[in-house]
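Coordinate analysis (summary)
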Amino acid sequence: MEQLIIILAVVVVVVGGGGTTLLVRTRRRVPRAPDRTEVQGGTTAAPGAAGTAAPYLAEGGSAPPDLTATPAAPPAPAVEKPPPSAGRLVRLRGRLARSQSALGGVLLGLLARDRLDEETWDEIEEALITADMGVTPARQLVEELRTEVKVAGTRDAEEVSSLLRAQLLVQVGVDLDRSLHTERHGDRPAVVLVVGVNGTGKTSVCGKLARALIGDGHSVLLGAADTFRAAAADQLQTWGERVGAEVVRSDRGGADPASVAFDAVNQGIERGVDVVIVDTAGRLHTKAGLMDELGKIKRVISRHATVDEVLLVLDATTGQNGLRQARVFAEVVDVTGIVLTKLDGTAKGGIVVAVQRELGVPVKLVGLGEGLDDLAPFEPEAFVDAIVGG
């Protein structure tokens with residue numbers, strides 16, 4: 001008999017409207033023996049039950065197989081223990097170098113010329129602007145680097161590389177606080193709100209962040225407040241099953257996102273989890289109504305918990321367009337950190353500098369692939385070393 005796998009859903013009614021919300025876990029059920037069949041005048045065992053063996057034995061035959069025996073169910077697959085998040089960017093630096101070393105190669109080649117005239121410095125500035133760094137920081141870096149090279153009076157490749165590395169670190173910002181604030185507040189969990197436009201990978205970031213936090217020893221609950229995209233809750237549910245995190249979701253499409261977020265935080269408080277991560281809809285930054293809804297989600301959560309992090313997920317390949325998106329989100333929800341996805345692809349590393357300058361908040365996480373552990377804390381030194389080949 002085939003094994004039966006079911007989903008048990010604990011239904012929690014949300015007070016104040018918004019429908020019901022499901023706290024979903026997966027469990028494995030062992031199939032029971034066939035039901036006894038009701039007949040007129042009494043009951044009889046289902047075909048193949050132990051009581052039907054007598055006719056076979058009376059005719060000298062052997063007893064038929066015991067069809068009521070319950071096959072042993074294989075154990076439920078254990079959730080893999082994720083590795084800690086510390087040092088991930090160093091381990092993934094090879095992927096980063098493949099996409100960023102071209103910029104370093106151009107800069108070092110220009111700086112190694114026998115004669116650094118105005119045209120050469122203009123080319124260096126153009127290379128930085130083309131890498132999405134932005135005009136102002138590119139010019140500032142060139143001026144500082146120009147002064148350093150003149151004072152040092154060197155064309156040695158190693159020394160030039162060292163000077164370039166130092167100036168890039170200044171622009172990236174080694175002193176910014178890039179820590180994620182995910183510590184509990186007494187009996188209240190930390191709350192992380194994940195926002196961004198469609199296609200940036202918000203839901204995957206939620207799942208990967210949950211996995212990283214679990215690897216660091218935290219307990220996590222996921223809230224599926226993206227109720228506008230039909231598959232969003234299912235996608236988050238899949239992530240929850242992968243990483244061993246419970247998921248709070250609505251029982252119907254188009255439910256009030258703020259209500260789902262509110263209930264997710266409530267469940268997090270009741271269950272004593274360390275962190276609640278709330279996924280939100282991929283709101284187009286040009287639609288004011290949806291942006292207002294995002295502000296409502298944060299206000300509703302703030303009534304009984306602290307929103308510790310608002311992480312804005314940006315596709316690193318969108319360049320300056322991503323900056324326009326970032327401005328609008330920052331006006332609505334006070335972004336505390338940036339997550340740059342697809343930084344291992346065709347992205348240009350200057351976007352790290354540009355987005356930090358635009359918002360005044362640090363890049364805290366970067367996505368360097370499609371794997372479960374490819375979301376890494378941003379480390380300026382490892383990032384710059386990938387550019388200059390250090």
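Starting from 1, residues in each chain are numbered consecutively following that chain's sequence as written. Reporting of local features is limited, given that this is a predicted model, to residues whose pLDDT is at least 70; pairs of side-chain atoms are given and counted only at 80 or more, and all residues count toward the totals for whole chains, interfaces and linings. Only hydrogens and water are set aside when side-chain values are computed; all heavy atoms of the structure are taken into account.

**Considering the overall build of the chain**
Let me state the cut-off plainly: Going along the chain from the N terminus, every DSSP run of H or I of four or more residues is numbered as a helix, and every run of E of two or more is numbered as a strand. With a 1.4 Å probe rolled over the protein chains alone, any residue whose accessible area is under 20% of its type maximum counts as buried; one over 50% counts as exposed, and the rest are partly exposed. Residue contacts follow a heavy-atom distance rule, with two residues in contact if any of their heavy atoms lie within 4.5 Å. Areas reported as accessible are Shrake-Rupley estimates using a 1.4 Å probe. Residue values count occlusion only from the protein chains shown.
Looking only at helices and strands, one finds 13 helices and 12 strands in the chain. When burial is assessed residue by residue, the chain has 47% of its 390 residues classed as buried. Restricting the contact set of the chain to residue pairs at least 6 apart, pairs at least 24 apart contribute 75%. Carbon together with sulfur atoms contributes 53% to the accessible area of the chain, which is approximately 18300 Å² in total.

**Overview of the pairing of strand β6 (residues 220-224)**
Regular strands place their side chains on alternate faces of the sheet. For the record, the criterion: Between any two strands, pairing holds if DSSP finds at least two bridges.
When you tally the buried positions in β6, you get 5 out of 5 residues, the bulk of the element. Here β6 shows a buried face lined by Val 220, Leu 222 and Ala 224 and a second buried face lined by Leu 221 and Gly 223. Strand direction decides the pairing type here: β6 and strand β8 (residues 275-279), joined by 5 bridges, are parallel. Bridging across to β8, Gly 223 finds its partner in Val 278. Of the strand pairs in this sheet, β6 and strand β7 (residues 246-250) are connected by 3 bridges, and their pairing is parallel.

**Description of the pairing of strand β11 (residues 363-367)**
Burial analysis of β11 places 5 of its 5 residues in the buried class, the great majority of the element. Sheet topology note: the strand β10 (residues 337-341)/β11 ladder contains 3 bridges and is parallel. Paired with Ile 338 across the two strands is Val 363, which belongs to β11. Where β11 lies against strand β12 (residues 375-377), 3 bridges are found, and the strand directions are antiparallel. Counted as the bridge partner of Gly 367 is Leu 375 from β12.

**Description of the packing of aromatic side chains**
What counts here: Think of it this way: a Phe, Tyr or Trp ring, Trp meaning its six-membered ring, pairs with another when their centres are within 6.5 Å, and the plane angle makes it stacked under 30 degrees, edge-to-face over 60, tilted otherwise. Whether a charge sits over a ring comes down to the Lys NZ or Arg CZ being within 6 Å of the ring centre and within 35 degrees of the ring normal.
Under the definition given, this model contains 1 aromatic pair. Positioned above the aromatic ring of Trp 239, the side-chain terminus of Arg 242 is 4.7 Å from the ring centre.

**Considerations on the confidence of the model for the chain**
The following threshold applies: How sure the predictor is of each residue is captured by pLDDT, a score from 0 to 100.
Taken residue by residue, the chain gives an average pLDDT of 77. The fraction at 70 or more is 71%. Ranking the elements of the chain by mean pLDDT puts strand β3 (residues 37-39) last with 32 and β8 first with 97. Ignoring residues within four places in sequence, the model shows residues 1-18, a span with pLDDT below 50, making 44 contacts including any to other chains. For the stretch residues 26-77, pLDDT sits under 50, and the model shows 53 contacts to residues farther than four places along the chain or on other chains.

**Let's talk about the nonpolar core**
Test applied: To define a nonpolar core, start from buried Ala, Val, Leu, Ile, Met, Phe, Trp, Tyr and Cys residues and group those joined through side-chain atoms within 4.5 Å.
Counting residues in each nonpolar core, the largest one holds 71 residues, and the members touching the most others are Ile 301, Leu 312, Ile 338 and Leu 340. Setting aside anything within four residues of it in sequence, one finds Ile 301 in contact with Val 191, Leu 193, Ala 261, Val 265, Val 278 and Val 307. Within the second largest apolar cluster, 24 residues are counted, among which are Val 205, Cys 206, Ile 214 and Val 243.

**Let's talk about the packing of helix α11 (residues 320-333) against helix α12 (residues 350-359)**
Going by this rule: In this analysis an axis means a line fitted to C-alpha atoms, helices contributing only their contacting stretch, and an angle means the value between N-to-C directions, from 0 to 180 degrees. Here roughly perpendicular refers to angles of 65 to 115 degrees, roughly parallel to angles under 35, roughly antiparallel to angles over 145, and oblique to all remaining angles. Left-handed describes a crossing whose near helix is turned anticlockwise from the far helix through less than a right angle; right-handed describes the clockwise counterpart. Each residue gets one label: Ala, Val, Leu, Ile, Met, Phe, Trp, Tyr, Cys and Pro are nonpolar, Asp, Glu, Lys and Arg are charged, and the others, such as Gly, are polar.
The contact between α11 and α12 brings their axes to 10 Å, and the two run at 30 degrees. Comparing the axis directions of α11 and α12 gives the class roughly parallel. Crossing of α11 against α12: the hand is right-handed. Judged by residue contacts, Leu 323, Ala 326, Arg 327 and Ala 330 of α11 engage Ile 351, Ala 354, Val 355, Glu 358 and Leu 359 from α12. Of the residues assigned to the contact of α11 with α12, the class counts are 7 nonpolar, no polar and 2 charged.

**Description of helix α9 (residues 257-271)**
Going by this rule: Take the residue count of a helix, subtract one, and multiply by 1.5 Å to get its expected span.
Taking 1.5 Å per residue, 15 residues should reach 21 Å; α9 reaches 21 Å between its end C-alpha atoms and fits that length. Within α9 the residues assigned to the buried category are Pro 257, Ala 258, Ser 259, Val 260, Ala 261, Asp 263, Ala 264, Val 265, Gln 267 and Gly 268. Phi turns positive, to about 70 degrees, at Gly 272, one or two residues after α9.

**With respect to unusual backbone geometry**
In terms of backbone geometry, most residues other than glycine have negative phi values and most peptide bonds are trans. The phi torsion at Asp 132 lies on the positive side, around 70 degrees, for a residue other than glycine. If you trace the backbone, Asp 132 turns up in the loop between α4 (118-130) and α5 (135-152). Owing to a relative accessible area of 13%, Asp 132 belongs among the buried residues under this scheme. One non-glycine residue, Lys 342, lies in the positive phi region at around 60 degrees. On the secondary structure map, Lys 342 appears in the loop between β10 and α12.

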